[in-house]
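Chains, contacts and geometry: an overview
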Amino acid sequence: MASFPIQRWTLAFLFLLGVGPVAAQPTALVGPTALNPADSTVIEDATVLWEGGRIAAVGPSSEVAVPPRATVHEMPDKYVMPGLVDGHVHFFQSGGLYTRPDVIDLRAERPYAEELRRIKERLPDTFRRYLRSGITSVVDVGGPMWNLDVRARADTAAVAPTVVTAGPLLSSVARPSLDEGDPPILQITTPEAARKEVRDQIMAGVDLIKIWYIVGGGETPADYRPVVEATIDEAHNAGIRVAVHATALATARAAVEAGADILVHSVSDQPVDDAFVQLLRENDVLYTPTLVVGERYGETFAQQLDLTLAEHRIGQKDVINSLTDLRTLPDSLVPTGLRRRIRQAPTVPSDTTAMRNLKRLHEAGIDVVAGTDAGNIGTPHGPALVREFELMRTAGLTPREILATATAGGARLMGRDDLGRIGDGMMADLVVLNRDPFADIKHVTSIHRVVKEGRLYAPDRLVPRTPAEVVFQLHNAYNTHDPDAFLDALADDVKVYRPPNTLVMEGRDTLATQYRPLLEGATNLHSEFHYHTTVGPTFTAHETIRNLPGRETPLSQVLLYRVTDGAIDRAWLVQEE
């Protein structure tokens, strides 16, 4: 793989102006176990000292001198590791149901221009949810030219991950439904057009060039290869790397033979062969498996969503809420085959071919980079990386190996040699955990603090557990039939009343006896909020529930929840007779 520096002149210029979230005060974390996944280094009772956004020293506490003027955070029994990198995201997509009209056209329900407006409006919140997930850097591998505005906003925002970005995808196919004047995908049909587009994007300041290498019926990879070769040659001449979407073995092989630096998805149509493994090794290609995205499309279109607790807690609630709209949209908008699939409620299997290929390539020494394809339908920005980790673990990678792909691996994809490790001179992008992630990859969700360029953040300061956040977690968990996420929104001593003050149920364990079997046995159960409002710690909504077992008609009720310390501790229900 060609090794080229990422062009980040904009970031350097902003720092020259003194703009950027850099903490100059010396700060020390004292007592945690320091973990470097890339080389398996473990330092118990460590001290990590940084100043001006960069690590000044790391080592056993007995060997690191902390300046008297430093701010000291005592953190015994904690674990500190490099900040995570999601190596495949798309900021022009929300993760919700309406974000890809080229996949399922629901523009009659929500115009695509409105979907884009909402995405742009919530961008600061999206940044926060990445940091809340422990993700301090992301790579956007393709979208509209306003991706460059996203990068600029992240570079200058006080609370945001580092963003590396590609521009519009150079594609073998057209996607006109995504074109609102600044298309994320451009159909390029000649080598000459490819070279011009590459030059234009590089002049605009992209970090990567992206190719969408799609082979349709009656075509072969050879048909589009001249365009692929011209794209890669033009980019390499300018010192820019090229990422390629190629999910079939023949297409991925052709892309690497043409000089691709990064494969942004798994090969999923068949097992990889020895020649392909050798080809990737010889060309030093980075491989991003994105196992979660295909699973989530399947789950959403079958209405069998199985989100992680982290996704329910941290994901954008309106985005997750939209994923169950297929149950209530008019039949005229939902394809007949999709409606039939929803009624059948099939189990959605994981892509075992992709998992086996990941395992083989990793064992062969191919550099793997963790990435989710976040923004696609069912794959929320931020916490989707947790599910990607779970699938990589199922594929056979150890927790340490997985974390190496999301730290040092991600840094290599970004073209940054000052990220992905804890060491002198490295950026102070860190995650402090309550539990050891080397022992169990799920412990990566036990976030105690996030450090971005030397600034220390508490998780609930990044994404506060407001009444709306908590109640919509409950609501979304109800609609995705997830009893664990539903009960997680409730306080241990929750009390449920019928007005004015008739106690109906008390205690989360008591509610679990009713709601766990209800949700685990549900197939079509669905709740819809018609309106809602928040006043102080209380959240009020008018709700209709459809397909309750033993009830032929919908149930309409008014709900009032009180949220204390991030959990529902009181609820009043007024049901219509």
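Residues numbered from 1 in each chain as written. Predicted model: local features only at pLDDT ≥ 70, side-chain atom pairs only at ≥ 80, totals over all residues. Heavy atoms only, no water.

The strand order across the open sheet formed by 6 strands is β21-β20-β25-β24-β23-β22, and the pairing between neighbours is mixed. The open sheet terminates on both sides in strands that have one partner only, identified here as β21 (502-506) and β22 (526-535). Neighbour-to-neighbour, the strand axes of this sheet turn through a mean angle of 25°, independent of strand direction. Both strand β20 (residues 490-498) and strand β25 (residues 567-575) contribute to a ladder of 4 bridges, which runs parallel. Counted as the bridge partner of Y497 is W572 from β25. (Pairing = 2+ DSSP bridges. Helix = DSSP H or I, 4+ residues; strand = E, 2+ residues; numbered from the N terminus. Axes fitted to C-alpha atoms, helices over the stretch in contact; angles between N-to-C directions.)

Both faces of strand β10 (residues 162-165) are covered, namely the face carrying T162 and V164 and the face carrying V163 and T165. Where strand β9 (residues 135-140) lies against β10, 4 bridges are found, and the strand directions are parallel. Bridge pairing links V138 to V163 in β10. (Buried < 20%, exposed > 50% of the residue type's maximum accessible area, 1.4 Å probe, protein only.)

Here we take up the environment of G423. Structurally, G423 can be placed in the loop between α16 (408-414) and β17 (430-433). As for G423 and P82, which are separated by 341 residues in sequence, their C-alpha atoms are 9.6 Å apart.

Glancing now at the packing of aromatic side chains. Two descriptors summarise a pair of aromatic rings, namely the distance from one centre to the other and the angle between the planes of the rings. Inspection of the entire model under this criterion finds 10 aromatic pairs. With a centroid separation of 6.1 Å and 50° between ring planes, the pair formed by Y213 and Y224 is classed as tilted. Remark: Y224 occurs in helix α6 (residues 221-237) and Y213 occurs in the loop between β13 (208-212) and α6; sequence separation between them is 11 residues. The interplanar angle of 40° and the centroid separation of 6.1 Å between the aromatic rings of F529 and F539 together place this pair among those described as tilted. With F529 in strand β22 and F539 in strand β23 (residues 538-546), this pair connects stretches of sequence that are 10 residues apart. Three or more aromatic residues joined by ring pairs make a cluster, and in this case those are F91, F127 and Y130. (Phe/Tyr/Trp six-rings, centres within 6.5 Å; stacked < 30°, edge-to-face > 60°.)

Here the focus is the side chain of H475. When you line up the elements, H475 lands in helix α18 (residues 467-479). Not counting chain neighbours up to four residues away, the residues in contact with H475 comprise N321, S527, E528, F529 and E543. (Contact = heavy atoms within 4.5 Å.)

Attention shifts here to the sheet that holds strand β4 (residues 46-51). Across the sheet, which stays open at both edges, the 4 strands sit in the order β5-β4-β1-β6 with mixed pairing between neighbours. Whereas interior strands pair on both sides, the edge strands pair on one side only; in this sheet they are β5 (54-60) and β6 (71-74). Each adjacent strand pair in this sheet contributes to an overall mean axis angle of 15°, direction not counted. Strand direction decides the pairing type here: strand β1 (residues 27-30) and β6, joined by 4 bridges, are parallel. Within β6, the position partnered with V30 by the bridge is E74.

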